[in-house]
Amino acid sequence: MPRSLSRRSVLAGGGALVVSFALSPTRGAAQPQLPGDLAEYPLLDAWIRIGGDGKITVFTGKAELGQGLKTALTQLAAEELVVAPAAILLVTADTALTPDEGYTAGSRSMQDSGTAIRNAAAQARALLIAAAAALLQVPAAQLRAKDGAVVAADGRRVGYGEAVGNQLLHERAKPDSVFVDGKSRRLIGKPVPRLDIPGKVSGGAAFVQDLRLPNMAHGRVVLPPSYAARLRQVDIAAVEHLPGVLKLVRDGNYLAVIAEGEYQAVAAMRALAAAAQWDETPDLPDPATLFATLAALPAHAVPVQGEAVAMPPGARVVAARYRRDYQMHGAIGPSCAVGLYEDSALSVWTHSQGVYPLRGALAELTGLAPAKLRVIHAEGAGCYGHNGADDAAADAALLAMALPGRPVRVQWMREQEHTWEPYGSAMQTDLRAALDRSQRIVAWDSGVRSMSHTTRPGGKAGNLVAAWHRARPVAQPVPEPPPLPEGGGDRNAVPLYTIPAVHVGYDFVPAMPLRVSALRSLGAYMNIFSIESFMDELAREAGADPVDFRLRHLDDRRASAVVREAADRFGWAAFSRRPGRGRGFAFARDNNLAAYLAIAVEVSVDRESGRVHLVRAIAAVDSGEAINPDGIKNQIEGGILQSASWTLYESVRFDRTRILSRDWSSYPIMRFSAAPDSLEVYLIDQPDRPFLGTGEAAQGPTAAAIANAVADAAGVRMRDLPLTAERVKAAIGE
Amino acid sequence: MITLSVNGISHRLEIDPATPLLYALRGELRLSGAKFGCGLGQCGACTVIVEGEPVFSCLLPVAALQGRAIRTIEGLGNADRPSPLQQAFIAEQAAQCGYCSAGMILRAQALLDRNPAPSEAEIRNAMEPNLCRCGTYLRILRAIGRAAAALQKARPAATPEAG
Amino acid sequence: MRIRRIALAAAVLLCVGAIGFVVASQQRLIPKIEPPPSATFPRALVAQGAKLAAVGNCAACHTAPGGADYAGNRPIATPSGTVYSTNITPAPGSGIGHWSEAAFRRAMRQGIAREGRHLYPAFPYDHYARLSDGDLHALYAFIMTRPPVETYQQANDLAFPLGQRWLLAFWNLLFLDEAPFRPEPQHSAQWNRGSYLVSGLGHCGDCHAPRTLLGVGRRSATLAGGTGEGWRAPALNAASPAPVPWDAAHLYHYLRDGWDIEHGAAAGPMQPIVDDLGHADAADVRAIAAYLAAAQGRISPSRRQRAAAAEARAATAKLPRPAPGEELGATLFAGACAACHTGGPAMVPPRGISLALSTAINEADPRDAILIVLDGIRPQGEQAGPWMPSFAGAFTDAQIAGLLGYIRAHYGSGPAWRNLATYVHDIRDNKGRS
């Protein structure tokens, strides 16, 4: 049941909650490693609280992004506490209430938070049973947990509220837990329906965009028309007297307006934009020579794997270069946040992926101490990485401080989200490999060149757009490439295949001519596109079937299993090509350590227009233990379609001065008519294995499978993403 | 003073008549189902039904709505008693982030009201104005088909349409 | 008595003459050839043909909605009824696979199919008569290398006796000018190329020139405006209603990209045309632009004055104050249109232009403005391009009338449009909408 998000209930938090000390992370203490993020927050009541009334609250530092996280975590907790999901109140990412689990990103939520919660819940159950045993004077082994109580064979029960007593869960977690027996499972591994969908399909207030606090005012910012634009002058008088206007904010190049009503704020924003004159400089690279620019920018050589590899003499060598344009998140709901500044303390409701790192950045931006700043996650539209959420939060913080005592809601407009969000970096890869006489790959040497894949706030105001525009700007920090396994442009640059000699290098370019950061799967989308396209090019040189060729080089059984499953379900061996149609295959393991995915697709290519249509897609995925099988399928289906959209249409357009992709008309994405005829996802459940991140597994393989299918259908090898109709038509010629 | 009829209820609002319906719904009327996605008529997140037609509420000034029946997602059903179409979306789990859902459901409802047994091609065509960035298109199509089938079954045995 | 005998004799002679003419004009069948393999056509020639086909926009008429390219069966409304385009893929059965180049040439220049039957001038062979041998050679290479698709040809739906093909012999007699294109030496090579393309392959006059003879005659040579597919095709000559006169550079941009900063977006039937022109030879599009810009003739001082006034109105984001009775139109404009149409220089192109610059708003006939409001403008497929949503469901007929009345009064020049609400209603009805 969706709770009403009144300010009172949100700030009060509800229940018997003692906040601060349970949340101090214990780093560096020499203890046996606790599972998941229990290692950072070993006290059970950092994760699970039970009130005297028996109400269960579960805390996670992760956030619901629309990936079904709340449901999956609730399943874990409800399973181990042996209650119905409805009995759990899940509190997500809130700097006042939950552990600091960094960012909800990298598909690590289940591994980090899910593991912690599952173990905490299992151990809480054990403690509750032990406490009840003492109360009932019955051996613990004769008791069992059921529906929020501990029950004896003779029917006597002790409710959790009674058993929890005083501070029962204020206990350090142990390294091992006894989980509910596989045979008794009610929830884990079952397609439990998403808890949030009923509310969302009936219009319940569900998003940060829907948050309405008492006495709330509405803010809008006027962003510069380009990164380097400077405000020459603005006729504030034209706007100050418009109906409903409460406050105008001008601080250097930072311009914003606050009004009573939302449409009044929109009208005032338009008037303010019309009243502003900017000096602009052509500061962007020439789009016609983007990759030459990328190649010439200074770079750090980041070693990824191995040393330089020489191609054996006499071997057949295949080489290829691949490219990818800038692409954007394009969340369907532009970023939004609500700020409230009163009693010298600031609260911000935001859909940021990381409330703690954002708090640090906001502290620097506003000059407030972190203890005076509370950042609370409220769900936004799917963000697919680092989009404008943190920046809207910064605007809400600044505007709230400009109007103390009243909540201020800031909504970014579509054009603002499109032109100011950080994009997925343009990238270039170069691959070389040698085949021996037995048609095996014996040497592999590849390099990837990319700009940063992470400029998340990370506690620094300089990563917030608002900080760049104020009269005393904070410069954006120079980005650093995080090492693998998190990685960035190098994610999935190393092929999973068994190859005797492999060298992979990463040229990290710190410059950011266009704003860039983490877009779902980071470098993996492009790297897997490159590797899997290249595997087809090698297979062709080897005269081998693309699926057989891959199996020939895979020793990981789980990998071979998904490859075979996808091929079988697609009917790969029996495929007969119709005119204008082709098939393509691809495989990857997300980040070489998360979910395994193989995909086979059929496309049609219209020679006249070059338009590629995805006809059908079949995928097989192994995510380890599947907590919610339908949740996994939903994520993979969505990932396939989103990747197909990136792969076929998406490219951020710009000229020397401005970003030109400002709305859906200038940055088209997949619509219903382009969605495939069919899409099937087959799950290989591994109940005894750890659960693996799934959210980013489909991006790269889908791109390669499509490119491989285009090669099969039209005889042209497309190496530049996106595979637009124009590019395909040009490649086909007449 | 503008009078709006929303889900069968009349509301008198003291509001700038140029205000797009979306802001009146979400602000004055506290109906937050319809969403702001672009304000440009390109994404459909704001879709509501006016006199049976699906419209972009982000571009529809309330001045144009006097005396015209408006239906929003809240008027179809709620989480406890979802309408057949909403039930179908739940059954098919046809949502990821869910931001586009309300708009999708309204456009689908308008289709089913006009054409109770649409083919898949007709559904795709009718739904074209609405975007889903999470890629849930196929589940949405299944949900609409499922709702159409359920509505057909529930129909009393009337004269069958020409096959 | 004598007069009657003379009259009878004259009538008999006329009939005999007519029958004789019809018999004489029965065209011979050109023998079949084996469909030539694609490899026999040089790639460069095929590429040249592709670029010419882009100017001719052949695909638009010869492809049914959702159908295979060039496979025909697109319904084309004519004053005489509906004609279905033919399959011009090189399919041997239902296409033109058995057509020799001579047969192709005859069809293009004289409107006669390989088997000898007359083709309806919905197919604008009266324009293609002007095509050079070289261009026809390239077009043949292009069309014969398309993927062959067999179809079932839809029968035309023409009211008797208009469906009788032999009548077309008379049409050709009256209207078909088979003289080849003659360049005019006093004009530049580019102008002449433009003239050749516009009057020939481009067949612009099919929409942009008025019909003669009760609407079934040949189009006038002067691009004085006409209709096409229910839209008004504005005059391209001195009578051009565009508030700002076209020049070659702007016209090139419009034809190539579908949008111009001083004139707005291509709408309706112009959309597929500019889509194709985006793939035509750039020099050819420049030539067309140069020719059409010149077709406006010398820009008169009064037209220049009107243009300056329009540009001044376009430069302000301030919304015009409504006159009494215009309040609803002004409100609707403010809430629905102003965000895109008065955004000004801050908005990245292609953007909604100020309506002071809109040709549709300045036509005497409001139909294009009505159609744009009802249908919107959207790019094809998943391409980037100008975008305007449809307002058909949002506004009633009376509201659209009020809105357009306000816009015409404050952004157009010329007398008020009358009976707008009825006109809106009629246009909606024609499209079968509620």
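Note that the coordinates shown come from a computational prediction; the quantities given were computed from them, not determined experimentally. Note on numbering: residues in each chain are counted from 1, in written sequence order. Key to labels: chains lettered from A, ligands numbered from 1, both in the order written. With pLDDT at 70 or above as the cut-off, local features in this predicted model cover only qualifying residues; side-chain atom pairs require 80 or more to be listed or tallied, and sums for whole chains, interfaces and linings still use all residues. Hydrogen atoms and water are omitted, and side-chain values are computed over all heavy atoms in the structure.

Caption draft 1: Region of interest: the overall build of chain C. If you tally the helices and strands in chain C, you get 18 helices and seven strands. Relative to its length of 434 residues, chain C is compact, with a C-alpha radius of gyration of 24 Å against a globular reference of 22 Å. It only takes one pair of heavy atoms within 4.5 Å for two residues to be counted as in contact. The long-range fraction of contacts in chain C, counting pairs at least 24 apart against all pairs at least 6 apart in sequence, stands at 65%. The centroid of the 39 positive side-chain charges in chain C is displaced by 6 Å from the centroid of its 33 negative side-chain charges. Only DSSP runs of H or I with at least four residues qualify as helices, and only runs of E with at least two residues qualify as strands; both kinds are numbered from the N terminus onward. Just to be clear, the radius of gyration here is over C-alpha atoms, and the globule rule we use is 2.2 Å times residues to the power 0.38. The charge count treats Lys and Arg as positive and Asp and Glu as negative. His and the chain ends do not count. Each charge is placed at NZ for Lys, CZ for Arg, CG for Asp and CD for Glu.

Caption draft 2: Quick peek at the interface of chain A and chain B. If you look at the interface, chain A gives 63 residues, while chain B gives 50 residues. When the two sides are added together, the surface that chain A and chain B hide from each other amounts to roughly 4,800 Å², 56% of it contributed by carbon and sulfur. When a carboxyl oxygen of Asp or Glu lies within 4 Å of a side-chain nitrogen of Lys or Arg, that pair is called a salt bridge. Where chain A touches chain B, the interface holds five salt bridges. With a shortest N-O distance of 2.8 Å, B:R139 and A:E637 are connected by a salt bridge. By the criterion applied in these results, polar contacts are pairs of N or O atoms within 3.5 Å in which, for protein atoms, one can donate a hydrogen and the other can accept it, and in which residues neighboring in sequence qualify only through two side-chain atoms. Here chain A and chain B share 33 residue pairs in polar contact (both at pLDDT 80 or more) between them. Here the side of chain A that touches chain B takes ten residues from helix 16 (residues 629-649) of chain A, the largest share from any one element. Here the buried area means the combined drop in accessible surface, using a 1.4 Å probe, for two parts upon being joined, counting both sides.

Caption draft 3: Region of the structure containing the packing of helix 3 (residues 84-91) of chain B against helix 4 (residues 101-114) of chain B. All names here are of chain B. Angles run from 0 to 180 degrees between N-to-C directions of axes, and those axes are lines fitted to C-alpha atoms, restricted for helices to the stretch in contact. Relative orientation of the contacting elements helix 3 and helix 4 amounts to 130°, with a least axis distance of 10 Å. Of the possible angle classes, the one that applies to helix 3 and helix 4 is oblique. Seen from above, helix 3 lies across helix 4 with right-handed handedness. Listed contacts from helix 4 to L85, Q86 and F89 of helix 3 are M104, I105, A108, Q109 and L112. Residue classes follow a fixed rule: Ala, Val, Leu, Ile, Met, Phe, Trp, Tyr, Cys and Pro count as nonpolar, while Asp, Glu, Lys and Arg count as charged, and any other residue, Gly among them, counts as polar. Here the contact of helix 3 with helix 4 is built from residues that sort into six nonpolar, two polar and no charged. Angles are sorted into four bins: roughly parallel if under 35 degrees, roughly antiparallel if over 145, roughly perpendicular if 65 to 115, and oblique for all others. In this scheme the crossing of two helices becomes right-handed for a clockwise turn of the near helix relative to the far one and left-handed for an anticlockwise turn of less than a right angle.

Caption draft 4: Fine view of the packing of helix 10 (residues 248-257) of chain C against helix 12 (residues 282-295) of chain C. Residues and elements named next belong to chain C. The contact between helix 10 and helix 12 brings their axes to 8 Å, and the two run at 130°. Between helix 10 and helix 12, the angle falls in the class oblique. In this structure, helix 10 crosses over helix 12, and the sense of that crossing is right-handed. Judged by residue contacts, A248, L251, Y252, L255 and R256 of helix 10 engage A282, V285, R286, I288, A289, A290, L292 and A293 from helix 12.

Caption draft 5: The interface of chain B and chain C, seen in detail. Counting from both sides, the interface comprises 15 residues of chain B and, opposite them, 16 residues of chain C. Carbon and sulfur atoms supply 65% of the area that chain B and chain C bury against each other, a total of about 1,300 Å² over both sides. Applying the counting criterion to the chain B and chain C interface returns zero salt bridges. Remark: the boundary between chain B and chain C carries five residue pairs in polar contact (both at pLDDT 80 or more).

Caption draft 6: Structural view of the sheet that holds strand 6 (residues 157-159) of chain A. Residue and element names in this part refer to chain A. One open sheet accounts for three strands, arranged 4-5-6; its pairing is antiparallel. One side of each edge strand has no neighbouring strand; the edge strands of this open sheet are strand 4 (144-146) and strand 6. Each neighbouring strand pair of the sheet contributes to a mean axis angle of 30°, computed without reference to strand direction. When DSSP finds two or more bridges between a pair of strands, those strands are recorded as paired. Both strand 5 (residues 149-151) and strand 6 contribute to a ladder of three bridges, which runs antiparallel. Looking at strand 6, one finds that V150 is bridged to V158.

Caption draft 7: Structural detail: the pairing of strand 17 (residues 408-411) of chain A. All names here are of chain A. Exposure is judged per residue with a 1.4 Å probe applied to protein chains only, and the accessible area is read against the type maximum: over 50% gives exposed, under 20% gives buried, and values in between give partly exposed. Alternating positions in strand 17 separate into two faces, V408 and V410 on one and R409 and Q411 on the other, with burial throughout. Alignment of strand 14 (residues 336-342) against strand 17, held across four bridges, turns out to be antiparallel. Looking at strand 17, one finds that C336 is bridged to Q411.

Caption draft 8: Expanded view of empty space enclosed by the protein. Residues and elements named next belong to chain A. A cavity, in this analysis, means grid points on a 1 Å lattice covering only the protein atoms where a 1.4 Å probe fits yet has no way out; a pocket is instead an open set bounded by protein on both sides within 12 Å along at least five of seven lines, and a residue lines either one if it has an atom within 4 Å of a point. Grid points are joined across faces, edges and corners, and a volume is the space filled by probe spheres set on the points. Tallied over the full model, the rule gives nine cavities of 30 Å³ or more. For the largest cavity, the calculated volume is near 90 Å³. Taken together, N492, V494, P495, L496, Y497, I528, I531, E532, F587, A588, R589 and N592 make up the full set of residues lining the largest cavity. Where the lining of the largest cavity is concerned, the elements lending two or more residues are helix 13 (524-542) and strand 21 (581-589). Here the lining of the largest cavity is composed, by residue class, of eight nonpolar, two polar and two charged.

Caption draft 9: Main features of the side chain of A:N628. All names here are of chain A. Mapping N628 onto the fold places it in the loop between strand 23 (612-622) and helix 16. Polar contacts involving the side chain of N628 include one to the main-chain carbonyl oxygen of V192, which spans 2.8 Å. A polar atom in the side chain of N628 sits 3.2 Å from the backbone nitrogen of D630.

Caption draft 10: The nonpolar core, seen in detail. With 203 residues, the main nonpolar core has A:Y326, A:L362, A:W444, A:L538, A:I636 and B:F89 as its most contacted residues. Both domain 1 (2-72) and domain 2 (84-157) of chain B contribute no fewer than three residues apiece to this core. Throughout this description, the term nonpolar core refers to a set of buried Ala, Val, Leu, Ile, Met, Phe, Trp, Tyr and Cys residues connected via side-chain atoms within 4.5 Å. The next biggest cluster of nonpolar side chains, apart from the first, holds 81 residues, and it includes A:V222, B:I70, C:A330 and C:Y411. Reported domain spans reflect what an automatic or database domain assignment gives.

Caption draft 11: Quick peek at the pattern of salt bridges. In the structure shown here, the tally under the stated rule is 56 salt bridges over all chains. Taken together, the salt bridges that share partners define one network made up of A:E80, A:R118, A:R125, A:R185 and A:E625.

Caption draft 12: How the structure looks around the domain arrangement of chain B. Residue and element names in this part refer to chain B. Looking at chain B, the domain boundaries give domain 1 (2-72) and domain 2 (84-157). Averaged C-alpha coordinates put domain 1 and domain 2 at centres separated by 21 Å. Listed as interface residues are 15 residues of domain 1 and, on the opposing side, twelve residues of domain 2. The junction of domain 1 with domain 2 conceals about 1,100 Å² of combined surface from both sides, 58% of it contributed by carbon and sulfur atoms. Among the residues of domain 1 in contact with domain 2, T47, I49 and P54 are the three that bury the most area, contributing 33% of the side total.

Caption draft 13: Structural context of the domain arrangement of chain C. Domain annotation of chain C identifies domain 1 (27-175), domain 2 (189-295) and domain 3 (314-429). If you average the C-alpha positions of domain 1 of chain C and of domain 3 of chain C, the two centres end up 39 Å apart.

Caption draft 14: Focus on the packing of aromatic side chains. Side-chain rings of Phe, Tyr and Trp (the six-membered ring for Trp) are treated as a pair once their centres are within 6.5 Å; stacked means planes under 30 degrees apart, edge-to-face means over 60, and tilted covers the remaining angles. Taken as a whole and judged by the stated rule, the model has 25 aromatic pairs over all chains. Here the aromatic rings of A:Y326 and A:F654 are separated by 6.1 Å at their centres, their planes lie at 80°, and the arrangement is edge-to-face. Highlighted residues: A:Y326 in the loop between strand 13 (316-324) and strand 14 and A:F654 in the loop between helix 16 and strand 24 (678-683), separated in sequence by 328 residues. Considered together, A:Y326 and A:F654 belong to a single accessibility category, that of buried residues. An aromatic cluster of three or more residues is present, and its members are A:F570, A:W572, A:F575 and A:F585. Sitting above the plane of the C:W387 ring, C:R378 keeps its charged end 6.0 Å from the centroid. A ring is scored as having a charge over it whenever the NZ atom of a lysine or the CZ atom of an arginine sits within 6 Å of its centre and within 35 degrees of its normal.

Caption draft 15: Spatial organisation of a nonpolar patch on the surface. Residue and element names in this part refer to chain C. Each patch is assembled from residues with relative accessible area greater than 30% and no salt bridge, linking like charges that lie within 9 Å and nonpolar side chains (Val, Leu, Ile, Met, Phe, Trp, Tyr) that lie within 5 Å. To measure how exposed things are, a 1.4 Å probe is used in the Shrake-Rupley method; for residues, cover is taken only from the protein chains shown. A cluster of nonpolar side chains, contributed by L8, V12 and V16, occupies part of the molecular surface with about 280 Å² of accessible area. With respect to the helices and strands, the residue V12 is situated in helix 1 (residues 2-25). For V12, a relative accessible area of 46% translates into the label partly exposed.

Caption draft 16: The sheet that holds strand 22 (residues 596-605) of chain A, seen in detail. Residue and element names in this part refer to chain A. Spatially, 21-22-23-24 is the arrangement adopted by the four strands of the open sheet, whose pairing is mixed. The sheet is open, and its two edges are formed by strand 21 and strand 24, each paired on a single side. Strand-to-strand twist across the sheet, computed as the mean angle between neighbouring axes with direction ignored, equals 15°. With six bridges connecting them, strand 23 and strand 24 associate as parallel partners. Within the sheet, the bridge partner assigned to A620 lies in strand 24 and is Y682.

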